[in-house]
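Okay, here's what each chain looks like letter by letter:
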Amino acid sequence: MVQIEIDTGSGFCFGVTTAIKKAEEELDASAGPLHCLGDIVHNGMEVERLAGKGLVTINHEDLRRLHHTKVLLRAHGEPPATYELAKANHIDIIDATCPVVLQLQKRIKKQYEASPDAQIVIFGKNGHAEVLGLVGQTDNHAIVIEHFDEVSQLDFHRDIYLYSQTTKSLDEFHRIIDYIQSHISPDARFQSFDTICRQVANRMPNIAAFAARHDVILFVSGRKSSNGKVLFNECKSVNPRSFQVERAEEINMDWFQHAATVGICGATSTPKWLMEECRDMILRKSK
């Protein structure tokens with residue numbers, strides 16, 4: 001019988017756990033449905049589970065049409081415009097923004113107000129909910145760079161203040177810092193702020209060690225998860241026999257041929273119960 005280990009370090013981060021707890025408490029306490037602006041977590045199975053309890057996922061267009069209701073803001077955070085709209089439409093906000101993200105928003109807003117002519121640069125994924133919330137703190141003037149190779153497009157004769165989306169790669173962030181430091185003009189100011197969440201960053205070395213320990217890795221994550229992409233790629237680089245699924249039904253038993261041990265891990269948006277469901281599926285089908 002194949003031995004299966006679920007990574008104890010995988011699963012919801014603090015911010016996501018808090019957001020889901022707030023949603024469940026509100027749903028238990030109220031009779032009507034609760035609206036959530038965007039998927040509460042980038043995991044389709046968990047979104048479905050909460051929808052069954054009455055959580056209704058809406059987008060920003062839906063928000064414009066809502067009045068006199070409650071809306072939950074997820075851990076990723078929102079730009080100031082969302083709060084202004086909610087106030088105008090008499091919407092009661094249940095704010096589940098991650099404290100780490102909230103702190104970062106405040107720092108960027110303060111920096112922008114102090115240096116409006118400088119380049120506020122955010123290393124992050126364009127269009128990602130957290131990044132939209134961060135860019136919103138600068139009246140949408142911040143420059144977003146997704147990858148190291150985009151850093152050369154900055155103006156090195158002007159001041160640069162560099163921040164990062166909380167779930168980005170620490171290594172790539174440091175490469176960007178090194179590049180700016182070696183290219184910045186002597187009369188321009190450069191400051192970088194390491195705003196990567198350590199609870200997420202520490203998962204990289206931990207998940208690499210976990211992936212190396214097993215014959216096969218099953219990585220359970222929603223394909224929309226930025227953090228999931230980074231962590232799965234890390235698993236794959238350490239163990240080529242790493243496979244990603246969103247749900248147990250996607251498991252292919254051929255992956256586990258001649259494997260003595262299987263490691264199951266996931267992203268910060270992967271619920272523990274889903275990893276356990278995948279484990280049970282493998283054990284059931286391998287009998």
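To be clear, the structure that these remarks concern was listed above.
Fair warning: this is a prediction, and the values are worked out from it, not measured in the lab.

A. Region of the structure containing the overall build of the protein. Helix and strand counts for the protein come out as eleven helices and twelve strands. Radius of gyration (C-alpha) of the protein: 21 Å, near the 19 Å computed for a compact globule of 287 residues. Along the first, second and third principal axes, the C-alpha set of the protein runs to 65 × 55 × 25 Å. Buried positions account for 51% of the 287 residues belonging to the protein. The contacts in the protein between residues at least 6 apart in sequence include a share of 71% that link residues at least 24 apart. Total accessible area on the protein is roughly 13700 Å²; 51% of this is exposed by carbon and sulfur atoms. Treating the 32 positive side-chain charges of the protein as one cloud and the 38 negative ones as another, the clouds have centres 3 Å apart.

B. Molecular detail of empty space enclosed by the protein. Tallied over the entire structure, the rule returns two cavities of 30 Å³ or more. What lines the largest cavity is T167, K168, S169, L170, V200, A201, M204, N227, V230 and L231. For the lining of the largest cavity, the secondary-structure elements that each account for two or more residues are α8 (198–201) and α10 (226–238). The leading source of residues in the lining of the largest cavity is α10, at three residues.

C. Just the layout of surface pockets, in detail. If you add up the space inside the largest pocket, you get close to 340 Å³. Taken together, 25 residues form the lining of the largest pocket, with C13, V16, H76, T167 and T268 sitting closest to its centre. Of all elements in the fold, only α1 (14–29), α5 (99–114), α8 and α10 reach the threshold of two or more residues within the lining of the largest pocket. The element that contributes the greatest number of residues to the lining of the largest pocket is α1, accounting for three residues. In this structure, the second largest pocket spans a volume of roughly 240 Å³. Element by element, the count of residues in the lining of the second largest pocket is highest for α10, at four residues. In terms of residue class, the lining of the second largest pocket is made up of one nonpolar, six polar and five charged.

D. Just the nonpolar core, in detail. Counting residues in each nonpolar core, the largest one holds 19 residues, and the members touching the most others are L218, V220, I251, F256, I264, C278 and I282. At five residues, helix α11 (residues 272–285) tops the list of elements feeding residues into this core. Judged by nonpolar contacts, the second largest core, of 18 residues, contains C13, A75, A96 and V101.

E. Expanded view of unusual backbone geometry. The phi angle at H68 is positive, at roughly 50 degrees, despite the residue not being glycine. Position of H68 relative to the elements: it lies in the loop between α3 (60–65) and β4 (70–73). Taking the relative accessible area as the measure of exposure, H68 reaches 62% and is therefore exposed. Of note in this structure, N140 is not a glycine but carries a positive phi near 65 degrees.

F. Main features of helix α7 (residues 170–183). A rise of 1.5 Å per residue sets the reference length of α7, with its 14 residues, at 20 Å; its end C-alpha atoms lie 20 Å apart and thus fit the reference within 8%. Looking only at α7, the buried set comprises F173, I176, I177 and I180. End-on view of α7: buried residues confined to an arc of 100 degrees, all on one side of the axis. Exposed positions of α7 whose direction lies more than 90 degrees from the buried face are D171 and S182. Structurally, α7 contributes buried residues whose contacts are with β6 (119–123), β7 (143–145), β8 (160–164) and β9 (190–192). Residue S169 occupies the N-cap position of α7, its side-chain oxygen lying 3.4 Å from the main-chain nitrogen of D171.

G. The sheet that holds strand β12 (residues 261–266), seen in detail. Taken in spatial order, the four strands make up an open sheet running β1-β12-β10-β11, and their pairing is parallel. Single-partner strands in this sheet number two, and they are β1 (3–6) and β11 (242–245). Neighbour to neighbour, the strand axes of the sheet diverge by 20 degrees on average, direction disregarded. Bridge analysis of strand β10 (residues 216–220) against β11 gives four bridges, and the strand direction is parallel. From the neighbouring strand, I217 faces β11, where its bridge partner is S242. Helix α9 (residues 203–213) contacts β1, β10 and β12 of the sheet and is inclined by roughly 160 degrees relative to β12.

Procedures and definitions
Counting restarts for each chain, with residues numbered from 1 along the sequence as it is written. Local features in this predicted model are restricted to residues of pLDDT 70 or higher, and side-chain atom pairs are both shown and tallied only at a pLDDT of 80 or more, whereas totals for entire chains, interfaces and linings draw on every residue. In computing side-chain values, all of the structure's heavy atoms are included and hydrogens and water are not. Runs of E in the DSSP output that reach at least two residues are strands. Runs of H or I that reach at least four are helices, and both are numbered from the N terminus. Each radius of gyration is computed over the set of C-alpha atoms, and the globule rule expresses the reference value as 2.2 Å times the number of residues to the power 0.38. To sort residues, take the accessible area from a 1.4 Å probe on protein chains only and compare it with the maximum for the residue type: under 20% means buried, over 50% means exposed, and anything in between is partly exposed. We call two residues contacting when some pair of their heavy atoms lies within 4.5 Å. Only the protein chains shown count as cover for residues, with accessible areas throughout obtained via the Shrake-Rupley method and a probe of 1.4 Å. Positive charges are assigned to Lys and Arg, negative charges to Asp and Glu, while His and the chain termini are left out of the count. In this description, the location of a charge corresponds to atom NZ of lysine, CZ of arginine, CG of aspartate or CD of glutamate. Residues are called lining when one of their atoms sits within 4 Å of a cavity or pocket point, these points coming from a 1 Å grid over the protein atoms alone, where a cavity is a set in which a 1.4 Å probe fits but cannot get out and a pocket is an open set with protein on both sides within 12 Å along at least five of seven lines. Grid points are joined across faces, edges and corners, and a volume is the space filled by probe spheres set on the points. Here the term charged refers only to Asp, Glu, Lys and Arg, the term nonpolar to Ala, Val, Leu, Ile, Met, Phe, Trp, Tyr, Cys and Pro, and the term polar to all other amino acids, Gly among them. Among buried residues, those of type Ala, Val, Leu, Ile, Met, Phe, Trp, Tyr and Cys that are joined through side-chain atoms within 4.5 Å constitute a nonpolar core. A helix is expected to span 1.5 Å multiplied by its residue count minus one. Here the arc refers to the set of directions running from the helix axis out to each C-beta atom. Two N or O atoms form a polar contact when they lie within 3.5 Å of each other; inside protein one atom must be a possible hydrogen donor and the other a possible acceptor, and for residues adjacent in sequence the pair counts only when both atoms belong to side chains. The pairing criterion for strands is at least two bridges between them, as found by DSSP. All axes are obtained by fitting lines to C-alpha atoms, using only the stretch in contact for helices, and the reported angles, taken between N-to-C directions, cover 0 to 180 degrees.

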